[in-house]
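If you want the building blocks of each chain, they are given just below.
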Amino acid sequence: EAGVTQFPSHSVIEKGQTVTLRCDPISGHDNLYWYRRVMGKEIKFLLHFVKESKQDESGMPNNRFLAERTGGTYSTLKVQPAELEDSGVYFCASSEHLGLPGAEQFFGPGTRLTVL
Amino acid sequence: GNSVTQMEGPVTLSEEAFLTINCTYTATGYPSLFWYVQYPGEGLQLLLKATKADDKGSNKGFEATYRKETTSFHLEKGSVQVSDSAVYFCALIRGMENTDKLIFGTGTRLQVFP
């Protein structure tokens, strides 16, 4: 069974440009999460989809970030326009169950974004 | 608010040494606790978990016990190997909302030398 995949693995862009990150969750997983780790700090939650609906977007830093999950399969996270402080590693995770104590979230390898 | 605090790294050990990585948490309700590991060039993997007080999670020789009285979930291994070199993240899920967002600590890098 394929795991969570993310594309691209690395992206280097200039301030003011637009970047779109993609995540393909494990097939059949209704829950999809985006997280971000900025320069050695803790990994922070961005948002959570249940199928195509945004269940919780309390971690989205500002309106330059737009996440979509059309059709409830893969998800994209667009940053427009990118700023220097957006640099970091963006992780996607998926899980099958919601609300089950200890339910595992399966993580992708991350996309390393560098904004120059 | 809910938070996780873990010891800063890097932790540098010789092979077969004893490992402890401290983790404490602040959370209302009854969180589930996790240790995730990130090996070089890979994504995060669940290492072990515990869902209620006094539970012990274990995997690959690593152990952690959910201590509600001290709000801790310290990671231990009796004899580390070079292959254990990685970044270890302590995390919790609060479990009282309609979202299972993980709240992570800052991560602790472990370096094991032969």
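Above this text sits the structure in question.
Asker: Give me the layout of surface pockets: which residues, what numbers.
Answerer: Of the voids in this model, the largest pocket is the one considered here, and its volume is about 770 Å³. Every residue lining the largest pocket is counted, 32 residues in all, and those nearest its centre are R37, V89 and R112 of chain A together with Q38 and R109 of chain B. For the lining of the largest pocket, the elements supplying multiple residues, two or more each, are β9 (88-95) and β11 (111-115) of chain A together with β10 (86-93) and β12 (108-113) of chain B. Grouping the amino acids of the lining of the largest pocket by side-chain chemistry returns 11 nonpolar, 16 polar and 5 charged.

Asker: Tell me about the sheet that holds strand β3 (residues 19-21) of chain B, and name the residues and values.
Answerer: Sheet strands pair via backbone hydrogen bonds, and the direction of the pair is either parallel or antiparallel. All names here are of chain B. In space, the 4 strands of this open sheet follow the order β3-β9-β8-β7, with antiparallel pairing throughout. Here the strands that pair on one side only, and so sit at the sheet edges, are β3 and β7 (56-59). Between one strand axis and the next, the sheet turns by 15° as a mean value, whatever way the strands run. Where β3 meets strand β9 (residues 75-77), 3 bridges bridge the pair, whose relative direction is antiparallel. Following the sheet pairing, L19 is matched in β9 by K77.

Asker: Please give an account of the pattern of salt bridges that cites residues and values.
Answerer: Close approach of charged atoms lets side chains of opposite charge pair. All names here are of chain A. If you walk through the whole model with that rule in mind, you get 10 salt bridges over all chains. As a salt-bridge pair, R22 and D24 come within 2.7 Å of each other at their nearest N and O atoms. Across the salt bridge formed by E42 and K44, the nearest N and O atoms sit 3.9 Å from each other. On the basis of relative accessible area, E42 is assigned to the partly exposed category, the value being 26%. Through salt bridges with shared partners, a single network forms among R36, R64 and D86.

Asker: Go over the sheet that holds strand β3 (residues 19-24) of chain A, please, and point to the residues and values.
Answerer: All names here are of chain A. Taken in spatial order, the 4 strands line up as β1-β3-β8-β7 in an open sheet, and their pairing is antiparallel. Here the strands that pair on one side only, and so sit at the sheet edges, are β1 (5-7) and β7 (65-68). Neighbour-to-neighbour, the strand axes of the sheet open up by a mean angle of 15°, direction not taken into account. Sheet analysis places β3 next to strand β8 (residues 75-79), joined by 5 bridges and oriented antiparallel.

The rules behind the values
- Residues numbered from 1 in each chain as written.
- Chains lettered and ligands numbered in written order.
- Predicted model: local features only at pLDDT ≥ 70, side-chain atom pairs only at ≥ 80, totals over all residues.
- Heavy atoms only, no water.
- 1 Å grid on protein atoms, 1.4 Å probe; cavity = no way out; pocket = protein on both sides within 12 Å on 5 of 7 lines; lining within 4 Å.
- Points joined across faces, edges and corners; volume = space filled by probe spheres on them.
- Helix = DSSP H or I, 4+ residues; strand = E, 2+ residues; numbered from the N terminus.
- Nonpolar A, V, L, I, M, F, W, Y, C, P; charged D, E, K, R; others polar.
- Pairing = 2+ DSSP bridges.
- Axes fitted to C-alpha atoms, helices over the stretch in contact; angles between N-to-C directions.
- Salt bridge = Lys/Arg side-chain N within 4 Å of Asp/Glu carboxyl O.
- Buried < 20%, exposed > 50% of the residue type's maximum accessible area, 1.4 Å probe, protein only.

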